[in-house]
Amino acid sequence: MKAIFTLFFILVSFTSHAAEQAEEIFAQLTSSLYQIKLIDKASGEKSSIGSGFQISSDGMIATNYHVISSYARHPTKYRIEYLDNLGNTGELTLKSVDVINDLALVEREVTAPMDYFLLSKSSPQKGEKLFSLGNPHDLGMIVVPGTYNGLKKESFSDRIHFTGSINSGMSGGPVVNKDAEVVGINVATSGNQIGFLVPHGKLIKLYAEFKKSPPADIKKQMASQLLASQNELMSTLLNSPWQPKQLGANGIIPIIDVPFIRCWGDSNTDKSDALILAAVANCSLDEDTYLAANLFTGNIEIEFKHMQAKELSDSKFYHLYQQQIARAGAGNRAGKGDVSEFQCQHDLTTPQNNNMTSKSIFCTRAYKDFPKLFDVLYLGASVDKGQQALVSHFTIAGVSQKNAMAFTHKFMEAVSWK
Amino acid sequence: MEIIIEEISRGQKLLHRHQLNKSTVRIGRDYNNDIILSDPHICPQHLDINFNDGVWTLTDKNTINGTFLENASNKKQSANQHIIEDGDIINLGKSQLRIVFRDHKVAPTVPFSAFENLIDLLRSPIALTLSIAIFIMVAGGVFYLNNPIESNLSQLLVSAIGMSLLFGVWPAAVALVSHLTKNDARVMAQLGVSFALFNLMWLSDLLENIVAFNTASHSVMLILINLVPIALTFTLLWLNSYIGFHMTAKRRMVTALGLTVLLFGGGYLVQYSNKPEFDPHPNYNATIMDPSFLLAPSSSVDDFVEQSKQLFIDAEKSIQEEE
């Protein structure tokens, strides 16, 4: 699922459905639309591009965080520039970000009050016609009509499902209603006719907070947003019902009953020559927070595997079983500059109901730029039945120590034999 | 008037011993000599040793290649007219002779060590066969466990026998080297000792797994059990050299230790040099065994989670250290 979401500011192509209404809107708003470019200072060339739109008369411009993420992470390496409809360029300063909703505020210098986009006071109706605007690389501004289809279901962070042929290269561009008021911001695409927008309410909130107290340090702002977001997510998870569910012949596993955690299953019952019958349940939160090209966080993966030996000795079963659990990896992408190496511990554990003995492995690594934030990994392997095994595993990216420990505790207590 | 002349090799090993009871001993390549040497660099009439006035004197008969005293400080000290002392070694041609008198002090008797008895036991045909049979069985068992699909007996047997042949190369090579260095080859003893030790190494593997399975991370037991294979390797090398080579106890110790350090230190170095600068994958010990090996009591979830606090501290610390 992760792979389907492509951040589309790098890709460039377009088709145009020029409708009369679209033309009108386009002509009215084009002076407040910008192409946002990140310039690598050393080489003097652009390293990424996206779109942006002015939201105040004094030069405040909204765009996606991922358009300017390289600058947010390495402010000395890059500078941000705009290109307007007349071909003028100028420098922008980063004012505020919302990493969770992929928004950023940048500001240009203005001499006289300028035209700007009005943010809508209300949300659109389902089926309402909307217009997505953006500036794909070197092709100029385009406008794409489409339909509002409500908020994306099964999603933790709010995203508008926009049915329309949104084309690549428009990240950070506005989506407006027929009155030319902004109702969303282009953020991602999921293939033909399916696009995702950040609701305009997130931008209103970000701008209002900025006007009240502008952030002193973008990195600290990001760290506190990540901490707050994982707190909200983890407390939702911890306080939602965990339904016990049977896996395979004998395993009992917890299924967290929240819409945004989705589960998939598979088994090898069709393979008659397999030495071990295996049933797998896989649950995950398919949303990750983009921090940089090689650093994602915020995703959760939970996996259970029930294994039953078919005419195997205990020792051979356990030998093959060990190979199954020997290589667990992190659930998110992160590199040397972003995180520490994993620290691991293992022990034999038994939950309070004394129902199962497991070999439990727990690993964690810390983020370099975001204090108090960790990636964690847990792996439990039952070791008390000769011919049967239950593997329980999860990874959580970007979580606080307290939440990670609480989740691990609840998870370990929830896995058992029937 | 009795004199004992020993032909010895360059490595000081005895080749031939002559006990003579006459006042003049003639040495050379001719068949009319008292001691006939076949070395082509020796003259037909090479040297005489005469007993006069209670001492033996050596006379070189103007030979082409000369006669010299074996002397650490002066290699080319001529032996002509030398008054022989007990234990003198002389060089003639490419050969060496050692001259000793009847009252020559010999080294004290070496008692049979316990090792000698152990080695004798291990090299007996029954013990040797048993060791190799155990080795083949264990190797077959390991192949069976590692094979992800069903495997038949003959496949396992072929692999296991192949593996034991491979492991047999080591004792055979040691025996060959000791044979080449004019020591006893003692192939059976080398084989017996090596396979007995190989079997102990299988056992230490099993022990290591049991300990890794039953203990929590960072346990002292786990570190200790890791020393067992090192100790076994040292023992094997020590016994190999004890059987195969005559050397002082100190030198044997140094050799065995040196080789052990080379083996494990080298292995560690290779591992260390291959280590990536940053490892994005977690490294944990995933050893699990079937429930019959489950010996230790398990911890509660509370304890396990509580203990993980230290990991968070360590992770943060590793970042601070980098900065």
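Just so it is clear, the structure is predicted and the values come from calculations on it, not from any experiment. (Residues numbered from 1 in each chain as written. Chains lettered and ligands numbered in written order. Predicted model: local features only at pLDDT ≥ 70, side-chain atom pairs only at ≥ 80, totals over all residues. Heavy atoms only, no water.)

> If you had to explain the environment of serine 31 of chain A to someone new, which residues and values would you point to?
Residues and elements named next belong to chain A. Looking at the element boundaries, serine 31 is found in the loop between helix 1 (20-29) and strand 1 (33-40). Using a relative accessible area of 29% as the deciding quantity, one classes serine 31 as partly exposed. Between the alpha carbons of serine 31 and tyrosine 116 there is a distance of 8.3 Å; along the sequence they are 85 residues apart. If we skip the residues at most four places from it in the chain, serine 31 touches Asn85 and Asp115. (Helix = DSSP H or I, 4+ residues; strand = E, 2+ residues; numbered from the N terminus. Buried < 20%, exposed > 50% of the residue type's maximum accessible area, 1.4 Å probe, protein only. Contact = heavy atoms within 4.5 Å.)

> Summarise the sheet that holds strand 4 (residues 35-36) of chain B; cite the residues concerned and give the values.
All names here are of chain B. Across the sheet, four strands lie side by side as 4-3-5-6; this open sheet has mixed pairing. Taken across any chain shown, the strands that pair with only one partner, and hence form the sheet edges, are strand 4 and strand 6 (55-60). With four bridges joining them, strand 3 (residues 24-28) and strand 5 (residues 47-52) adopt antiparallel strand pairing. Across the sheet, residue threonine 24 finds its bridge partner in strand 5, namely asparagine 50. (Pairing = 2+ DSSP bridges.)

> Give a detailed account of the interface of chain B and chain A, specifying residues and quantitative values.
Listed per partner, the contact involves 53 residues of chain B and 62 residues of chain A. Interface area for chain B against chain A, summed over the two sides, is near 5,100 Å², with a carbon-plus-sulfur share of 62%. Linking chain B to chain A there are 19 residue pairs in polar contact (both at pLDDT 80 or more). Looking at the side of chain B that touches chain A, the elements with two or more residues in it are helix 2 (125-146), helix 4 (187-214), strand 10 (299-300), helix 7 (301-307) and helix 8 (309-322) of chain B. Among the elements that line the side of chain B that touches chain A, the one with the most residues is helix 8 of chain B, at nine residues. Pairing analysis gives two bridges linking strand 21 (residues 343-350) of chain A to strand 10 of chain B, with the strands arranged parallel. Paired with threonine 350 of chain A across the bridge in strand 10 of chain B is serine 300 of chain B. (Buried area = accessible area lost by both parts, 1.4 Å probe. Polar contact = N/O pair within 3.5 Å; in protein donor to acceptor, adjacent residues only side chain to side chain.)

> Run through the environment of leucine 119 of chain A, naming residues and quoting values.
Residues and elements named next belong to chain A. With respect to the helices and strands, leucine 119 occurs in strand 7 (residues 118-119). When its relative accessible area of 17% is taken as the criterion, leucine 119 is described as buried. Once the C-alpha coordinates of leucine 119 and isoleucine 204 are considered, the two residues, 85 residues apart in sequence, prove to be 7.5 Å apart. Residues within four places of leucine 119 in sequence aside, it is in contact with Phe53, Ile55, Val182, Leu203 and Ile204.

> Please give an account of the pattern of salt bridges that cites residues and values.
Evaluated as defined, the whole model comprises 18 salt bridges over all chains. Its salt-bridge partner being glutamate 107 of chain A, residue lysine 95 of chain A comes within 3.7 Å of it at the nearest N-O pair. Remark: glutamate 107 of chain A occurs in strand 6 (residues 103-107) and lysine 95 of chain A occurs in strand 5 (residues 89-98); sequence separation between them is 12 residues. Among the residues examined, lysine 95 of chain A registers a relative accessible area of 26% and is labelled partly exposed. Across the salt bridge formed by glutamate 6 of chain B and arginine 17 of chain B, the nearest N and O atoms sit 2.8 Å from each other. Of the two residues, glutamate 6 of chain B is situated in strand 1 (residues 2-8) and arginine 17 of chain B in strand 2 (residues 14-21); the sequence distance between them amounts to 11 residues. Taking the relative accessible area as the measure of exposure, glutamate 6 of chain B reaches 6% and is therefore buried. In this structure, a network of salt bridges that share partners links the residues Arg73, Lys219, Asp338 and Asp369 of chain A. (Salt bridge = Lys/Arg side-chain N within 4 Å of Asp/Glu carboxyl O.)

> Please provide a residue-by-residue account of helix 4 (residues 218-239) of chain A, values included.
Residues and elements named next belong to chain A. An ideal rise of 1.5 Å per residue puts 32 Å on 22 residues; helix 4 measures up with 31 Å between its terminal C-alpha atoms. For helix 4, the set of buried residues is Ile218, Gln221, Met222, Ala223, Gln225, Leu226, Ser229, Gln230, Leu233, Met234, Leu237 and Leu238. A side-chain oxygen of the first residue of helix 4 lies 2.8 Å from the backbone nitrogen of lysine 219; this N-cap is aspartate 217. (Expected span 1.5 Å × (residues − 1).)

> Give me the lowdown on the side chain of serine 416 of chain A, citing residues and values where you can.
Relative to the helices and strands, serine 416 of chain A is located in strand 25 (residues 416-417). With residues up to four places along the chain from it excluded, the contact list for serine 416 of chain A reads Asn250, Gly251, Ile252, Asn353, Asn355, Met356 and Leu390 of chain A.

> Give a detailed account of the sheet that holds strand 8 (residues 88-92) of chain B, specifying residues and quantitative values.
Residue and element names in this part refer to chain B. Spatially, five strands are ordered 2-1-9-8-7 in an open sheet, and the strand pairing comes out antiparallel. Looking at which strands have only one partner, the edges of the open sheet turn out to be strand 2 and strand 7 (67-69). On average, each strand axis in the sheet is tilted by 25° relative to the strand beside it, whichever way the strands run. In the sheet, strand 8 pairs with strand 9 (residues 95-100) via five bridges, with the strands oriented antiparallel. The residue bridging isoleucine 90 from the neighbouring strand is leucine 97, located in strand 9. (Axes fitted to C-alpha atoms, helices over the stretch in contact; angles between N-to-C directions.)

> How would you explain the pairing of strand 6 of chain A if you had to name every residue and give the values?
Residues and elements named next belong to chain A. The buried fraction of strand 6 amounts to four of the five residues, a majority that puts the element mostly inside the structure. Bridge count for strand 3 (residues 60-63) against strand 6 is four bridges, and the pairing is antiparallel. The partner of isoleucine 61 across the bridge, within strand 6, is valine 106. Counted between consecutive antiparallel strands, the loop separating strand 5 from strand 6 contains four residues, among which aspartate 102 sits at a positive phi close to 60°.

> Please set out the state of the cysteines residue by residue, giving values where relevant.
All names here are of chain A. Tallied over the full model, the rule gives two disulfides over all chains. A disulfide bridge connects cysteine 263 with cysteine 283, and the sulfur atoms are separated by 2.0 Å. Disulfide cysteine 263-cysteine 283: torsion about the S-S bond near 105°, hence right-handed. Here the residue cysteine 263 occupies a position in strand 16 (residues 262-267), and cysteine 283 occupies one in strand 17 (residues 276-285), the gap between them amounting to 20 residues. By relative accessible area, which is 36% here, cysteine 263 ends up partly exposed. Residue pairing for cysteine 344: its cysteine sulfur links by disulfide to cysteine 363, the two sulfurs lying 2.0 Å apart. Handedness here is read from the sign of the S-S torsion; for cysteine 344 and cysteine 363, about 110°, the answer is right-handed. Pair noted here: cysteine 344 is in strand 21 and cysteine 363 is in strand 22 (residues 358-366), with a separation of 19 residues, a long-range link. (Disulfide = S-S within 2.5 Å.)

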